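What follows is the residue order along each chain.
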Number of protein chains: 2
Amino acid sequence: MDQGLVQLDQGSGGRAMHELIDDLFLGAFNNPLLLERNDSAVFEIPGGRLAMTTDSYVIDPLFFPGGDIGSLAVHGTVNDLAMRGAKPLYLTAGFILEEGLDLGDLKRVVASMARAASEAGVQVIAGDTKVVPRAKADKLFINTAGIGLVPAGIDLSGSNARPGDLVLINGTIGDHGMAVLCKREGLEFENEIRSDSAALNGMIERMLAAFPGIHVLRDPTRGGVATTLNEIAEQSAVGIRLFEEALPIRGDVAGACEVLGLDPLYVANEGKVLAIVPAGGADAVLSAMKSHPLGKSSCILGKVVSDDPGRVLLQTRIGGCRIVDMLRGEQLPRIC
Amino acid sequence: MDQGLVQLDQGSGGRAMHELIDDLFLGAFNNPLLLERNDSAVFEIPGGRLAMTTDSYVIDPLFFPGGDIGSLAVHGTVNDLAMRGAKPLYLTAGFILEEGLDLGDLKRVVASMARAASEAGVQVIAGDTKVVPRAKADKLFINTAGIGLVPAGIDLSGSNARPGDLVLINGTIGDHGMAVLCKREGLEFENEIRSDSAALNGMIERMLAAFPGIHVLRDPTRGGVATTLNEIAEQSAVGIRLFEEALPIRGDVAGACEVLGLDPLYVANEGKVLAIVPAGGADAVLSAMKSHPLGKSSCILGKVVSDDPGRVLLQTRIGGCRIVDMLRGEQLPRIC
């Protein structure tokens, strides 16, 4: 099974597809709901608030320092649930395979997905596989959708930011986008830049336990910190000030960005959360973040203001101020 | 918006993507959960059993007689939920667009999806858009995932078929696959063959109201009636006998299959359900099916037996019997 190439008939619905599913998916995502092989998975759920989300992953290359399309497809969807405070429960996975894809690569991706799901505490309970002829897709695309339960008393939304709130982040920015770009373009720096791809639900649980009144959580993926903060500024009709001297950026990422003419504020992250917190809760949230392995370098990088609603401004080191707009144009295609 | 081509930067996460989403998706799938623009949609749900499923759609061509990739992406996922007896509630939609895709085509597909969702009584509450460079995908792929509530007292599974049960279907077989194939290959017959693509949840609700003790519901999509019945025979460890003279096949579909050397038993359907029902409930279920517009031509086409467990046999018109195996090889690529 780990040798050979994906064939067109493995997406036919027939015997070849069943064998692929049996050999590869059922073993890796081993759980009773999936093993039932029904049209949909059925499970008991308590009443309350449910969160639901989806993302497709078309990243190129499939494997990059710090992760691969499989772990990314789990982390991204788990994080989108966690951003509403939900405890992620179940994922679905849809695979679009290009005829000729290396089966060994597919097996590595699926194993990585299964490991990421297990680490994040979620189960992959339904799936689908399609195969398209050569040159009709690029190797492998994955869609994941997910659901999770939102505990009572939690109300997180991009529209909840209020003047006086502080903006926190759990570490350095731009790592994922630069790791993928350097790998894809064959750029080598002294130290290999690694993606920050990670499931944030464990850290977020600690943050909400420390201070349930957090206003906004959002992961700055495509479009980076700048675009995500612009979205929040628009949704909440507030202004956001970023402190340039506080922006946490790894030296190698800053260097690579400079060489390539990119602004790290617009480069994607896959293991970072922007938390917008009432000033009175900021210390508690920051401590909770720092107590978690994914938040050791957490810091405050900005504040919410009533001036310039809908806008993000950067207070520069030399005391100036410049508008940080949403990403325009395409900075880095296929980074997730 | 309905003129022009999809650009790479419309998948960037930045301003261009926001404009695409605002102009196209938020208007078409107009509902409060989607309009919140958060990382995931959050909604109240009563406690009980939830069904969850996913499918990706890579059909070629995008538009075919009787439907398009958008309506199909709704019908397919709604039907997978309905096959467990669930009342479908919410869908997510993930779009993978090829750079250069005609925006007018995309708009037609999205409008069709929205109409299909509205007719089926479901809401599209979360979405995602990726754009890949030219020749890295073929025009447009859509993934939908869905959830629904399973009423108390319903227990439908492919493993529930029992000897003595009857096998019912709500109309003719092979229509979808032949409609797509004829369109793709430019084959013309006297009458245009139309896909049967439809949301079956309304009819299934009537069937379960008439007789809640139905054992199995399954939609014979990829691999056709033959493959689906083989799956059930394996899951339930029973034999299934099909009556050749009872197989409902449209004359033009039979003719096209003959010309092309295809067996309609293996051709995909997208608006059909196979119902496996205890003999005592068959009349009630059949009447309920016939009372619905999608079930006017419903009939009994086979029975469940204890002989030959795991196998499907066809009783031919001349009194013989032949094994109907699961589809082997690829009969029709990209029919869904």
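Just so we're clear, the structure is a prediction, and the values are computed from it rather than from any experiment.

Definitions and cut-offs
Residues numbered from 1 in each chain as written. Chains lettered and ligands numbered in written order. Predicted model: local features only at pLDDT ≥ 70, side-chain atom pairs only at ≥ 80, totals over all residues. Heavy atoms only, no water. Contact = heavy atoms within 4.5 Å. Buried area = accessible area lost by both parts, 1.4 Å probe. Salt bridge = Lys/Arg side-chain N within 4 Å of Asp/Glu carboxyl O. Polar contact = N/O pair within 3.5 Å; in protein donor to acceptor, adjacent residues only side chain to side chain. Helix = DSSP H or I, 4+ residues; strand = E, 2+ residues; numbered from the N terminus. Nonpolar A, V, L, I, M, F, W, Y, C, P; charged D, E, K, R; others polar. Pairing = 2+ DSSP bridges. Patch = residues over 30% accessible without salt bridge, like charges linked within 9 Å, V, L, I, M, F, W, Y side chains within 5 Å. Areas by Shrake-Rupley, 256 points an atom, 1.4 Å probe, with all protein chains shown as cover. Buried < 20%, exposed > 50% of the residue type's maximum accessible area, 1.4 Å probe, protein only. Axes fitted to C-alpha atoms, helices over the stretch in contact; angles between N-to-C directions. Least-squares fit on C-alpha atoms with pLDDT ≥ 70 in both. Disulfide = S-S within 2.5 Å.

Visitor: Residues and numbers for the interface of chain B and chain A, please.
Guide: At the interface, 79 residues of chain B touch 79 residues of chain A. Carbon and sulfur atoms make up 54% of the surface buried where chain B meets chain A, a total of about 6,400 Å² over both sides. It is Arg15(B), Asp39(B) and Met52(B) in chain B that bury the most area against chain A; as a group they hold 13% of the surface buried on that side. Where chain B packs against chain A, one counts twelve salt bridges. One salt bridge in this structure joins Asp128(A) and Arg222(B), with 2.9 Å as the shortest N-O distance. Here chain B is connected to chain A by 44 residue pairs in polar contact (both at pLDDT 80 or more). Of all the elements, strand β2 (residues 48-57) of chain B adds the most residues to the side of chain B that touches chain A, at nine residues. Its residues assigned to classes, the side of chain B that touches chain A shows 32 nonpolar, 24 polar and 23 charged. As judged from the five bridges shared by strand β2 (residues 48-57) of chain A and strand β1 (residues 41-45) of chain B, these two strands associate in the antiparallel manner. From the neighbouring strand, Gly48(A) faces β1(B), where its bridge partner is Ile45(B).

Visitor: Hey, could you go over a nonpolar patch on the surface for me, with residue numbers and the actual values?
Guide: A grouping of Leu187(B), Val259(B) and Leu260(B) is seen on the molecular surface, where their side chains present a nonpolar patch of about 240 Å² in accessible area. If you trace the backbone, Leu260(B) turns up in helix α8 (residues 251-260).

Visitor: Residues and numbers for unusual backbone geometry, please.
Guide: Residue and element names in this part refer to chain A. Cis geometry marks the peptide bond from Asp 60 to Pro 61, where omega comes out at 5°. Checked against the element boundaries, Pro 61 lands in the loop between β2 and β3 (63-64). Positive phi values are uncommon outside glycine, yet Lys 139 reaches one of about 65°. Tracing the sequence through the fold places Lys 139 in the loop between β6 (123-132) and β7 (140-150). Relative accessible area serves as the criterion here: at 30%, Lys 139 is assigned to the partly exposed category.

Visitor: If you had to explain the sheet that holds strand β14 (residues 321-323) of chain A to someone new, which residues and values would you point to?
Guide: All names here are of chain A. Read across the open sheet, the seven strands follow the order β9-β11-β8-β12-β10-β13-β14; overall the sheet is mixed. Two strands lie at the open edges of the sheet, namely β9 (216-218) and β14, each paired on one side alone. Neighbour-to-neighbour, the strand axes of the sheet open up by a mean angle of 25°, direction not taken into account. The pairing of β9 with strand β11 (residues 274-277) spans three bridges and is antiparallel. Within β11, the residue paired with Leu 217 across the bridge is Ala 275. Of the strands in this sheet, β8 (166-169), β11 and β12 (299-305) are in contact with helix α9 (residues 279-290), which crosses β8 at around 5°.

Visitor: Outline the relation of the copies chain B and chain A, supporting the account with residue identities and numerical values.
Guide: Think of it as a corkscrew move, a rotation about one axis and a shift along it, taking one chain copy to the other. Rotating chain B by 180° and moving it 0.0 Å along the rotation axis overlays it on chain A with an RMSD of 0.0 Å. Here the copies are linked by what is in effect a two-fold axis. A shared binding surface is used by both copies, with 100% of the interface residues of chain B retained as interface residues in chain A.

Visitor: An account of the state of the cysteines is requested, with residue identities and associated values reported.
Guide: All names here are of chain A. A complete count under the given rule lists zero disulfides over all chains for this structure. Note on Cys 182: no disulfide assigned, nearest cysteine sulfur contributed by Cys 257 at a separation of 8.5 Å. Distance from the sulfur of Cys 299, which forms no disulfide, to the nearest cysteine sulfur (Cys 257) is 17 Å.

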